[in-house]
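Commentary on secondary and tertiary structure
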Amino acid sequence: MPAILEPRNVTHVPISDDERASRTMSRQNIEKAVVALAEDGVVVLDNAVSEKSLDFLNGRMTKEARQLREDSNTQFNYSKKAQNILQHMIPEPEYILSDIQANPFAIAVCKAVLGPKPVLRYHKANTNFPGESRQPVHSDVHYQHPRACFALAVNTVLIDCSPENGSTECWPGTHLTTRFADQNGMNGIFTHLLEERAKTAPPVQPTIKKGGLIIRDMRLWHAGMPNRTADQVRVMLNLIYFADWYRSPMKIKFPKESEARIRQLEAESGTEIAAEFVDQLDHLTLCHTHDFGQDDKREEFGRNRE
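This text gives an overview of the structure that appears in the document. Quick caveat, the model's predicted, so the values are computed rather than measured.

1. Section: the packing of aromatic side chains
In total, this model carries eight aromatic pairs according to the counting rule given. Centre to centre, the rings of Phe-150 and Tyr-246 are 4.5 Å apart; their planes meet at 10 degrees, and the pair counts as stacked. Highlighted residues: Phe-150 in the loop between strand E4 (119–128) and strand E5 (151–157) and Tyr-246 in the loop between strand E9 (234–242) and strand E10 (252–255), separated in sequence by 96 residues. In this structure, Phe-150 and Tyr-246 share a single accessibility class: buried. Ring centres 6.3 Å apart and planes at 35 degrees place the aromatic pair Phe-254 and Phe-277 in the tilted group. In this pair, Phe-254 is assigned in strand E10 and Phe-277 in strand E12 (residues 275–278), connecting sequence segments 23 residues apart. Taken together, the aromatic side chains of Tyr-122, Phe-150, Phe-242, Trp-245, Tyr-246 and Phe-292 make up a single cluster linked through ring pairs. Positioned over the ring face of Tyr-95 is Arg-60, at 4.9 Å from the centre of the ring.

2. What to know about the side chain of Arg-234
Counting through the fold element by element, Arg-234 comes out in strand E9. Despite its burial, Arg-234 pairs with no opposite charge, the nearest such side chain being Asp-160 at 12 Å. Reaching out from Arg-234, the side chain makes a polar contact with the backbone oxygen of Asn-126 at a distance of 3.0 Å. Filtering out sequence-adjacent residues up to four positions away, Arg-234 remains in contact with Asn-84, Asn-126, Thr-127, Asn-128, Ile-159, Cys-161, Asn-165, Gly-166, Ser-167 and Asn-227.

How each quantity is defined
- Residues numbered from 1 in each chain as written.
- Predicted model: local features only at pLDDT ≥ 70, side-chain atom pairs only at ≥ 80, totals over all residues.
- Heavy atoms only, no water.
- Phe/Tyr/Trp six-rings, centres within 6.5 Å; stacked < 30°, edge-to-face > 60°.
- Helix = DSSP H or I, 4+ residues; strand = E, 2+ residues; numbered from the N terminus.
- Buried < 20%, exposed > 50% of the residue type's maximum accessible area, 1.4 Å probe, protein only.
- Lys NZ or Arg CZ within 6 Å of the ring centre and 35° of its normal.
- Lys, Arg positive; Asp, Glu negative; His and termini not counted.
- Salt bridge = Lys/Arg side-chain N within 4 Å of Asp/Glu carboxyl O.
- Polar contact = N/O pair within 3.5 Å; in protein donor to acceptor, adjacent residues only side chain to side chain.
- Contact = heavy atoms within 4.5 Å.

So far we have only geometry, and geometry alone does not tell us how the molecule works.
Given below as structure tokens:
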């Protein structure tokens, strides 16, 4: 019988004031982040985002989250019991920010892992309201996916995030061996696999201070956890970057007035933003459709909502 180990701590890479000023991540810090993602499938970058940007987004997004929670059409992640909703990020040009949609430190890591021109294809938030239920442990990929890192989720917290207000439960190292067959549909990873894994590598809920972001390999087992505060709404931005060889058809809808800003950020960051520009866009009523599969390998189950 293997010994029960203490949970592996998620690696934190502090971004220095000099790096912040130059918007350039040191090679040493890139190495630390790349190694953590290779070994654990998750890394935290501390001091990566300005508090001014976070406060600017949090005021409006929290207000919109409370409004969405009362809407019968709002999509809850997995079940309403978990009190965790999907929320579109604000697509207006003044809310498209250089240290959010083109964060130089997150992008430096994405380029090092995914290749020279990552493609942003997912632009939403997971918002956690107070409650006691949790999500099942799951992987976000719903078909027999490549056995290599093809996508990274960049999650930015708008306030301090800890187990108290529902930081994401992560299962370090599971990205290395997991398969689509490990999942029991929307019930998540099979219980016997969780029990076996927990004997030697228990999960962990990292604490991320305001200004930090967490980067996660899409294959990693994880779960949304209860927000046990009295009335705090915790918004966590979720931007997913894909390798350019990964044949995903997903696009993000933006109003046409945001096109110049999007093109500016693409040039600034050396990334592609898979944008579709439309005449009229109400992000509060926009459906939550997604399919993380490739064009020739559709997802076998998912959470698409037409």
